Amino acid sequence: MTIAATASMTACGKSREATVRPPAAPAAAADADREPDEQAAGKAALDAYSGYLTASRTASRNSDPHAPELSRFLADPLLTRVRVAIREAKEHGAMRTGTLKSDPTVTAVSLNTVPATVEIQDCLDATGYRLVYTKDRRVVPGSGGKRYIATATATRYPDGRWLISAGTAHQDQPC
């Protein structure tokens, strides 16, 4: 598809028109070639994100901060943050249990950066996901779940794996 746009610009009190020309064919071809790569990167990143959520839930339920599945889907600094959170819950006699629902989407793909990254936004539903005392399964006060926005960054490592390297729960932003 070819699109040309004309915009009026004013410089030194005189009116000029500037024409924005469509990209040349080679650039358009490069964009078309990049689209399948971006889709593949987005899919790989969402797979890593899903694996991260599953591995994190399992490690939290088992109070195992060193569960091998964590390093299969996570990289630092997020890997260390998740391990510390699981260890602290365990030290306080608590664990996570229940269901965490997720509905992630890719918001940006940057394949030209080093390393390549994919940004993900999710609406996490933690209404059925609780921090409970391990002994009697009572809910830890103040740990009630809700629906909120979460963001994550997937990074492609030199071995080709996509790992979730950063993540933030925006619990003040409902979804």
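Heads up: these notes are all about the structure in this document. (Residues numbered from 1 in each chain as written. Predicted model: local features only at pLDDT ≥ 70, side-chain atom pairs only at ≥ 80, totals over all residues. Heavy atoms only, no water.)

1. Some points on the pattern of salt bridges
Next, step 1: Within this structure, the stated rule accounts for six salt bridges.
Next, step 2: For aspartate 47, the salt bridge identified is with lysine 43, shortest N-O distance 2.9 Å. Taken together, the residues span about one helical turn, with aspartate 47 and lysine 43 both in helix α1 (residues 25-61) at a distance of four residues.
Next, step 3: The residue arginine 138 makes a salt bridge to aspartate 136 at a minimum N-O spacing of 2.7 Å. (Salt bridge = Lys/Arg side-chain N within 4 Å of Asp/Glu carboxyl O. Helix = DSSP H or I, 4+ residues; strand = E, 2+ residues; numbered from the N terminus.)

2. A short note on the state of the cysteines
Next, step 1: On inspection of all chains with the given rule, the structure shows one disulfide.
Next, step 2: What pairs with cysteine 123 in a disulfide is cysteine 175, and their sulfur atoms sit 1.9 Å apart. Every disulfide takes its handedness from the sign of the S-S torsion; for cysteine 123 and cysteine 175 that torsion is 85°, giving right-handed. Of the two residues, cysteine 123 is situated in strand β5 (residues 117-133) and cysteine 175 in the segment after β7 (162-170); the sequence distance between them amounts to 52 residues.
Next, step 3: On the basis of relative accessibility, which here comes to 33%, the residue cysteine 175 falls in the partly exposed class. (Disulfide = S-S within 2.5 Å. Buried < 20%, exposed > 50% of the residue type's maximum accessible area, 1.4 Å probe, protein only.)

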